[in-house]
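Below are the chains, spelled out letter by letter.
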Amino acid sequence: MNSVVRVLIGDDHRIVREGLKQVLGDPANGLPEITVVAEATQGNEVLELVAALQGPTGTPGLNLVLLDIAMPGMDGLEVLQALRKAWPALPVLMLSTYPERQYAVRCIQMGAAGYLHKSADPDDMVAAVRKVAAGGRYLTEATAQALAGALERTGVVRTAQQGTPAGVDALSYREHQVFRLLTAGQSVSEIGAQLKLAPNTVSTYRARILEKTGARNDVELALLARGAPAE
């Protein structure tokens, strides 16, 4: 690993970015030093900064992107997908307030090198950044359990037709986008405007999401997103 780990933070909350810079840049962390070289507040800005810092040739200007899922404009999953396509060698560590059991598997499946909850201990945050920047994967116990559960569900076919909901892991990329926006409290029309979809199309996705997750309404979807069981 290089003597300095160069990080780009993508998060729309200034207090989060400032806190991350303080944690990662603490001299007490030792070596290798971690420095935040760029910050982005919107999804498309992440891509613009990576393009400017990485360049087509030469020494990479970044070792890692630390990316929030809930970004305005392009959301974190869309940005992750674009980063993996354009810069497959650049590791991405996802950062979020969402529970591992609902979002970590999706992120890992899409090529993220790790998933970290924003409430993580500062030492774990530093360890995660260093491990991912060095080419490794960082999996918390909660993420590992979520992955194991996903593998179990994949190995034993469980579908809604068989009486057991397939769960969030079975959602398509677009369904997962709609799921996250629904659980954030957005209406069908608002989701349609953001994703450039007709309201009827959003309603169709919503129906599929309810069927696959076993939820009966948007309230139960919100409980599912927070990791709380629906009654």
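Residues numbered from 1 in each chain as written. Predicted model: local features only at pLDDT ≥ 70, side-chain atom pairs only at ≥ 80, totals over all residues. Heavy atoms only, no water.

**A short note on the pairing of strand β1 (residues 4-10)**
Phase 1 of the analysis: Of all seven residues in β1, six are buried; the element is thus mostly enclosed.
Phase 2 of the analysis: Taken together, the four bridges between β1 and strand β3 (residues 64-68) define a ladder with parallel strand orientation. Within β3, the position partnered with glycine 10 by the bridge is leucine 67. (Buried < 20%, exposed > 50% of the residue type's maximum accessible area, 1.4 Å probe, protein only. Helix = DSSP H or I, 4+ residues; strand = E, 2+ residues; numbered from the N terminus. Pairing = 2+ DSSP bridges.)

**Examining the packing of helix α8 (residues 188-195) against helix α9 (residues 199-213)**
Phase 1 of the analysis: The N-to-C vectors of α8 and α9 enclose an angle of 110°; their axes lie 8 Å apart at closest approach. As far as their axial angle goes, α9 and α8 are roughly perpendicular. Here α8 contributes Val188, Ile191 and Gly192 to the contact with α9, which in turn contributes Pro199, Val202 and Ser203.
Phase 2 of the analysis: When the residues that make up the contact of α8 with α9 are grouped by side-chain class, the tally is four nonpolar, two polar and no charged. (Axes fitted to C-alpha atoms, helices over the stretch in contact; angles between N-to-C directions. Parallel < 35°, antiparallel > 145°, perpendicular 65-115°, else oblique. Contact = heavy atoms within 4.5 Å. Nonpolar A, V, L, I, M, F, W, Y, C, P; charged D, E, K, R; others polar.)

**Focus: the packing of helix α3 (residues 76-86) against helix α7 (residues 173-183)**
Helix-helix packing is described using two parameters, namely the angle between the two axes and the distance between the axes.
Phase 1 of the analysis: In contact at an axis separation of 10 Å, α3 and α7 are set at 150° when each is read in the N-to-C sense. With respect to each other, α3 and α7 are oriented roughly antiparallel. Along its contact with α3, which presents Leu77, Glu78 and Gln81, the element α7 presents Tyr173, His176, Gln177 and Arg180.

**Remarks on the sheet that holds β3**
Phase 1 of the analysis: Taking strand neighbours across the sheet as the criterion, the five strands line up as β2-β1-β3-β4-β5 in an open arrangement whose pairing is parallel. The open sheet terminates on both sides in strands that have one partner only, identified here as β2 (33-40) and β5 (114-117). Strand after strand, the sheet turns through a mean of 25° between neighbouring axes, direction not considered.
Phase 2 of the analysis: Across seven bridges, the pairing between β1 and β2 is parallel. By the bridge assignment, glycine 10 is partnered in β2 with alanine 40.

**Looking at unusual backbone geometry**
Phase 1 of the analysis: Here leucine 31 and proline 32 are connected by a cis peptide whose omega angle stands at 0°.
Phase 2 of the analysis: We note that lysine 196 has phi near 60°; this positive angle belongs to a residue other than glycine.
Phase 3 of the analysis: Positionally, lysine 196 belongs in the loop between α8 and α9.

**Considerations on α3**
Phase 1 of the analysis: When we look at burial in α3, the residues that qualify are Gly76, Leu77, Val79, Leu80 and Leu83. Within α3, the buried residues cover an arc of 155° as seen down the axis, which keeps them to one side.
Phase 2 of the analysis: A distance of 3.0 Å separates the backbone nitrogen of leucine 77 from a side-chain oxygen at the start of α3, and that oxygen is part of aspartate 75. (Arc of directions from axis to C-beta. Polar contact = N/O pair within 3.5 Å; in protein donor to acceptor, adjacent residues only side chain to side chain.)

**Things to note about the nonpolar core**
Across soluble globular proteins, nonpolar side chains have a tendency to be buried as a group.
Phase 1 of the analysis: Counting 42 residues, the largest nonpolar core has Val46, Val65, Leu67, Leu83, Met94 and Phe179 as its most contacted members.
Phase 2 of the analysis: Excluding its chain neighbours within four sequence positions, the residues that come into contact with valine 65 are Leu8, Val46, Val50, Leu83, Leu90, Pro91, Val92 and Leu93.
Phase 3 of the analysis: Listed in part, the 19 residues of the second largest apolar core include Val5, Met125, Val126 and Tyr138. (Core = buried A, V, L, I, M, F, W, Y, C linked by side-chain atoms within 4.5 Å.)

**Considerations on the side chain of threonine 213**
Phase 1 of the analysis: As for its position among the elements, threonine 213 is in helix α9.
Phase 2 of the analysis: Of note is the side chain of threonine 213, whose polar atom sits 2.7 Å from the backbone oxygen of isoleucine 209.

**Some remarks on α7**
Phase 1 of the analysis: For α7, a buried count of nine out of eleven residues is recorded, marking the element as mostly surrounded by other parts of the structure.
Phase 2 of the analysis: The first or second residue beyond α7 is glycine 185, which carries a positive phi of 95°.

**Observations concerning the environment of threonine 213**
Phase 1 of the analysis: On the basis of relative accessible area, threonine 213 is assigned to the buried category, the value being 12%.
Phase 2 of the analysis: Note: C-alpha distance between threonine 213 and alanine 170 (43 residues apart in sequence) is 8.3 Å.

**Some words on the confidence of the model for the protein**
Phase 1 of the analysis: Looking at the protein, pLDDT values average 83 and 85% of them are 70 or higher.
Phase 2 of the analysis: Confidence over residues 154-164 falls short of pLDDT 50; this stretch has ten contacts with residues more than four positions distant or in other chains. (pLDDT = per-residue confidence, 0-100.)

**Brief notes about the side chain of asparagine 29**
Phase 1 of the analysis: Along the polypeptide, asparagine 29 turns up in the loop between α1 (14-24) and β2.
Phase 2 of the analysis: Only 3.2 Å separates the side chain of asparagine 29 from the backbone oxygen of leucine 24, close enough to count as a polar contact.
Phase 3 of the analysis: In this structure asparagine 29 touches Val23, Leu24, Val126 and Arg130, once residues within four positions along its chain are discounted.

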